[in-house]
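Structural features, examined
Here are the chains, one letter per residue:
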Amino acid sequence: MNVVMLLGTLSREQERRFLPSGDTVVSFDLTIRDEGTPTESVPVAWPDAPPAADALALGEEVVVIGRVRRRFFRAAGSTQSRTEVVAARVVPSRQATRARRALDRAMAGVAPTRPTADAATR
């Protein structure tokens, strides 16, 4: 299972790109500050993001729910890679009810669907 839930601030202006396929993707960096751990910057790609994504402001705190992806590409004659989060939902944390619903939906998808080893021994 590949599920990511992040809470952080937009640390790079979002950029909407139009792909040759006709699809769009919004990309931005999210800075995660967690007490007791080093600050981290996470690249986020949000495919088919709604127009409201353009209203997100630099420094705004958001909840991102998605999955981790490592993609490979050719650049300067060599193969390179990038690990990023592919967002399914991005919700400003100030919209607490929407953020909570998004987190609840993501957690429901993480619920065990098969017996654990511990349950099987009972």
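This report concerns the structure included in the present document. (Residues numbered from 1 in each chain as written. Predicted model: local features only at pLDDT ≥ 70, side-chain atom pairs only at ≥ 80, totals over all residues. Heavy atoms only, no water.)

Here we take up the nonpolar core. Generally speaking, a soluble globular protein has its nonpolar side chains buried in company with each other. Counting residues in hydrophobic clusters, the biggest one holds 18 residues, and the most contacted among them are L6, F28, L30, W46, V64 and V90. When residues of this core are traced back to their parent elements, those giving at least two are β1 (4–10), β3 (24–32), β4 (40–47), β5 (61–75) and β6 (78–92). If you look at the next biggest cluster of nonpolar residues, it comprises six residues, including V63, V91, A102 and A106. (Core = buried A, V, L, I, M, F, W, Y, C linked by side-chain atoms within 4.5 Å. Buried < 20%, exposed > 50% of the residue type's maximum accessible area, 1.4 Å probe, protein only. Helix = DSSP H or I, 4+ residues; strand = E, 2+ residues; numbered from the N terminus.)

Bringing the environment of D104 into the picture now. As for its placement among the helices and strands, D104 is situated in helix α1 (residues 96–110). Taking the relative accessible area as the measure of exposure, D104 reaches 41% and is therefore partly exposed. A sequence separation of ten residues divides D104 from R94, and the C-alpha atoms of the two residues are 16 Å apart.

As a further point, take a nonpolar patch on the surface. Residues M1, V3, M5, M107 and V110 make up a contiguous nonpolar surface patch of about 470 Å² in total accessible area. Within the element layout of this structure, M5 appears in strand β1. Relative accessible area serves as the criterion here: at 34%, M5 is assigned to the partly exposed category. (Patch = residues over 30% accessible without salt bridge, like charges linked within 9 Å, V, L, I, M, F, W, Y side chains within 5 Å. Areas by Shrake-Rupley, 256 points an atom, 1.4 Å probe, with all protein chains shown as cover. Salt bridge = Lys/Arg side-chain N within 4 Å of Asp/Glu carboxyl O.)

So, about the side chain of T24. Here T24 is to be found in strand β3. Given the relative accessible area of 15%, T24 is considered buried. Ignoring sequence-local partners within four residues, the contact set of T24 consists of R16, R17, F18, W46, P47, D48 and A49. (Contact = heavy atoms within 4.5 Å.)

As a further point, take the side chain of S27. Structurally, S27 can be placed in strand β3. With residues near it in sequence (within four places) discarded, S27 still touches R12, E13, Q14, E15, R17, V44 and A45.

Bringing α1 into the picture now. Taking 1.5 Å of rise per residue, the 15 residues of α1 would be expected to cover 21 Å, and the 21 Å separating its terminal C-alpha atoms lies within 8% of that figure. Among the residues of α1, those classed as buried are A99, A102 and A106. All buried residues of α1 project into a common sector of 65° when viewed along the axis, lining one side. Seen from the open side of α1, the exposed residues pointing more than 90 degrees away from its buried face are A96, T97 and A108. (Expected span 1.5 Å × (residues − 1). Arc of directions from axis to C-beta.)

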